[in-house]
Amino acid sequence: MSSGGQREQWATRIGFIFAAVGSAVGLGNIWRFPFQVGQEGGAAFLVIYLLFIVLIGFPAMLIEFVVGRHTERNPVGALQEIGAGAWRYVGWIFIATGFVILSYYSVVAGWTIRYTLLGLQDDYIADAAEAEAQFVTLASGLDAIFLHAIFMVAVIAIVAYGIERGIELAVKVMIPAIIVIMLGLAVYVATLEGASEAYSYYLSPEWGVIAAEWQSILPAAAGQAFFTLSLGMGVMITYASYLGEDRNLAEDSAIIIGFDTAIAFVTGLIVFPVLFTAGVAPGDPGAGAIFVSLAAAFGDLTFGWLIGAIFFATVAIAALSSAISLMEVVVSYAIDELDLDRVTATLAIGGAIFLLGIPSAYDLVLLDLFDLFADQILLVLGGLLLAILVSWSLSTLAIEELERGIGDLGSLGTAWIWAVRIPVVLVLVVALVLGILDYYEFLSGDFAAWLEE
Ligand code: PFF
């Protein structure tokens, strides 16, 4: 453990909230959310997702916050402090998750930079097949590795400056910018021809869809709720460890979740009108969604190049404000436990993450290999073990910690713990099983085929 100087802290309450919002609002909101809505049946999925955000996301976020604030340590140190026996090592899962997720997240973020430039050069292609070919060419290879490097340099530059002068300052600029631009885009696309058809698709649920497809809607909605709130990655533990005073963590969580949900919702208000106006089906394209069908739709619209460039630049900013949070998870570990100074830690870790990302920038199948493993297994596993540990064996500590800054919670505290003990744990167990099955299918299918080539 570090014996060195004073641990860093956020300068302001809004700084902490913006940093957490910055972490939460990312590719998960802008890239993943609309295509999941598209694939999982439109508004019906939206309703289930919102339910999970409140019932699962909110209690799980509070768990990470109390652990971080209580221990004032990075995830590894925090778990060593509160865990016993094998539980002491759970923190390592968070470090591994952060390391792996950031390696390919940065590659995808590089694509958003590329697509901003495409817009500025008026190079979006309206034809769907050609747009797809364009994406495949740009998504991997030297170009992708170069942009991955550029993005990592930006991440390193911010994190190297520290909590207050680096992350806090950056998010105070980035978050207001994201909000203003997204609202502006939503207002603009409301004038498009396809807008009203898009709104009814997005906003009026067909309840029959839930009955027919709940087996796929439920895990997708739960996974999305966890991912979008940056849970299971150690981010919220780490960010709360820099809180000095006793703040009302329940209120802060509600604000953070509110912002994150609002941005995801507004993204749908932007993406669907653009797709409907260009006559592109919202569900088809899957993961290539914003880079293939949305880019093609921009290629079809008057001023699409400009709207597209603004949109992708905003996505890049959102990705940056998320990436710095994951980087901070690993850097905080190196500072606390290995006694490194911040700049050395940031450079070394940033360099290592860049190298780990090269395979993902080299081939899309390798990106999937990392993504599925980190996102469907590591992340869920870390979140699950933490939820079990804190809710089942440390509930008194957790409630007391939450009450610091709120006051006596009475039966609300017990309700929170039980929400974690059963619903959160159950949802994560199911998600983990499905994740492992899915990964196995990938390894024996797409990946095996790739290896043979
Ligand atoms: N909540 C983030 C998102 O929705 O994009 C999840 C995340 C992913 C955070 C990757 C940080 C990160 F580097």
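Residues numbered from 1 in each chain as written. Predicted model: local features only at pLDDT ≥ 70, side-chain atom pairs only at ≥ 80, totals over all residues. Heavy atoms only, no water.

Peer 1: Sorry, what's going on with the overall build of the chain here?
Peer 2: Tallying secondary structure elements over the chain gives 18 helices and zero strands in all. Taking 22 Å as the expected radius of gyration for a compact globule of 453 residues, we find that the chain reaches 21 Å, a close match to that expectation. Taken along its principal axes, the extent of the C-alpha atoms in the chain is 60 × 50 × 45 Å. Taken across its 453 residues, the chain has 59% of its residues classed as buried. Within the chain, counting contacts between residues at least 6 apart in sequence, those at least 24 apart form 85% of the total. Taken together, the 13 basic and 42 acidic charged side chains of the chain have centroids lying 16 Å from each other. (Helix = DSSP H or I, 4+ residues; strand = E, 2+ residues; numbered from the N terminus. Rg over C-alpha atoms; globule rule 2.2 N^0.38 Å. Buried < 20%, exposed > 50% of the residue type's maximum accessible area, 1.4 Å probe, protein only. Contact = heavy atoms within 4.5 Å. Lys, Arg positive; Asp, Glu negative; His and termini not counted. Charge placed at Lys NZ, Arg CZ, Asp CG, Glu CD.)

Peer 1: Please explain the nonpolar core as it appears in this structure.
Peer 2: Generally speaking, a soluble globular protein has its nonpolar side chains buried in company with each other. The biggest cluster of nonpolar side chains holds 172 residues, and the ones touching the most others in it are Phe 311 and Trp 416. It is helix H14 (residues 304–338) that contributes the most residues to this core, 17 residues altogether. When sequence neighbours within four positions are dropped, the list of residues in contact with Trp 416 reads Pro 59, Leu 62, Ile 63, Val 66, Ala 398, Ile 399 and Leu 402. (Core = buried A, V, L, I, M, F, W, Y, C linked by side-chain atoms within 4.5 Å.)

Peer 1: Just checking my understanding: could you explain the site of the ligand for this structure?
Peer 2: The environment of the ligand is formed by 15 residues, the closest being Ala 24, Gly 28, Tyr 105, Thr 228 and Ser 230. Contact between the ligand and Leu 27: an oxygen atom at 3.1 Å from a main-chain N or O atom of the residue. In the model, a nitrogen atom of the ligand is placed 3.0 Å from a nitrogen or oxygen of the Phe 227 main chain. Alone, the ligand offers 330 Å² of accessible surface; in the complex the protein occludes 100% of this. When contributions to the shell around the ligand are tallied by element, the ones reaching two or more residues are helix H1 (13–24), helix H2 (27–39), helix H5 (91–120), helix H10 (207–228) and H14. Considering only residue class, the shell around the ligand consists of eight nonpolar, seven polar and no charged. (Near = heavy atom within 4 Å. Polar contact = N/O pair within 3.5 Å; in protein donor to acceptor, adjacent residues only side chain to side chain. Areas by Shrake-Rupley, 256 points an atom, 1.4 Å probe, with all protein chains shown as cover. Nonpolar A, V, L, I, M, F, W, Y, C, P; charged D, E, K, R; others polar.)

Peer 1: Explanation requested: the pattern of salt bridges in the structure shown.
Peer 2: Between side chains of opposite charge, pairing is possible as soon as their charged atoms come close. This model, assessed by the stated rule, comprises 14 salt bridges. Ionic pairing is found between Lys 172 and Glu 168, a salt bridge with its closest N-O pair at 3.3 Å. Highlighted residues: Lys 172 and Glu 168, both in helix H8 (residues 162–189), separated by four residues, approximately one helical turn. Its relative accessible area of 32% is what places Lys 172 among the partly exposed residues. When its relative accessible area of 2% is taken as the criterion, Glu 168 is described as buried. Salt bridges linked by common partners bring Arg 13, Arg 247, Glu 251 and Asp 252 together as one network. (Salt bridge = Lys/Arg side-chain N within 4 Å of Asp/Glu carboxyl O.)

Peer 1: Whenever I open this one, the packing of aromatic side chains confuses me. Can you help?
Peer 2: Aromatic ring pairs are defined here through the distance separating the ring centres and the angle between the ring planes. For the structure on display, the rule yields 27 aromatic pairs. Judged by centre distance (5.4 Å) and plane angle (65°), the rings of Tyr 201 and Phe 272 are edge-to-face. One end of the pair, Tyr 201, is in helix H9 (residues 195–203); the other, Phe 272, is in helix H12 (residues 249–277), with 71 residues separating them in the sequence. Of the residues examined, Phe 272 reaches a relative accessible area of 1% and is grouped as buried. Among the aromatic residues, ring-to-ring pairing joins Trp 111, Tyr 115, Tyr 124, Phe 135, Phe 291, Phe 298, Phe 311 and Phe 312 into one connected group. One residue, Arg 421, lies across the ring of Trp 392, its end atom 4.6 Å from the ring centre. Just above the ring of Trp 418 sits the side chain of Arg 421; from NZ or CZ to the centre is 4.7 Å. (Phe/Tyr/Trp six-rings, centres within 6.5 Å; stacked < 30°, edge-to-face > 60°. Lys NZ or Arg CZ within 6 Å of the ring centre and 35° of its normal.)

Peer 1: Mind showing me how you'd approach the side chain of Ser 360 here?
Peer 2: Tracing the backbone shows Ser 360 in helix H15 (residues 342–362). Aside from chain neighbours lying at most four places away, what touches Ser 360 is Tyr 104, Val 107, Leu 366, Leu 367 and Phe 370.

Peer 1: Can you help me understand the packing of helix H3 (residues 43–71) against H10 in this one?
Peer 2: Packed helices, taken two at a time, are described by their axes: the angle between them and the distance between them. Direction vectors running N to C along H3 and H10 enclose 40°, while the axes themselves pass 8 Å from each other. As summarised for this structure, H3 and H10 are arranged oblique, according to the angle between their axes. Note on packing geometry: the crossing formed by H3 with H10 is right-handed. Contact with H3, carried on its side by Ala 44, Phe 45, Val 47, Ile 48, Tyr 49, Phe 52, Ile 53, Ile 56 and Ala 60, involves Trp 207, Val 209, Ile 210, Ile 217, Leu 218, Ala 220, Ala 221, Ala 222, Gln 224, Ala 225, Phe 226 and Thr 228 of H10 and no other residues of that element. (Axes fitted to C-alpha atoms, helices over the stretch in contact; angles between N-to-C directions. Parallel < 35°, antiparallel > 145°, perpendicular 65-115°, else oblique. Left-handed = near helix turned anticlockwise from the far one by under 90°.)

Remember that the coordinates give geometry; whether it matters functionally is a separate question.
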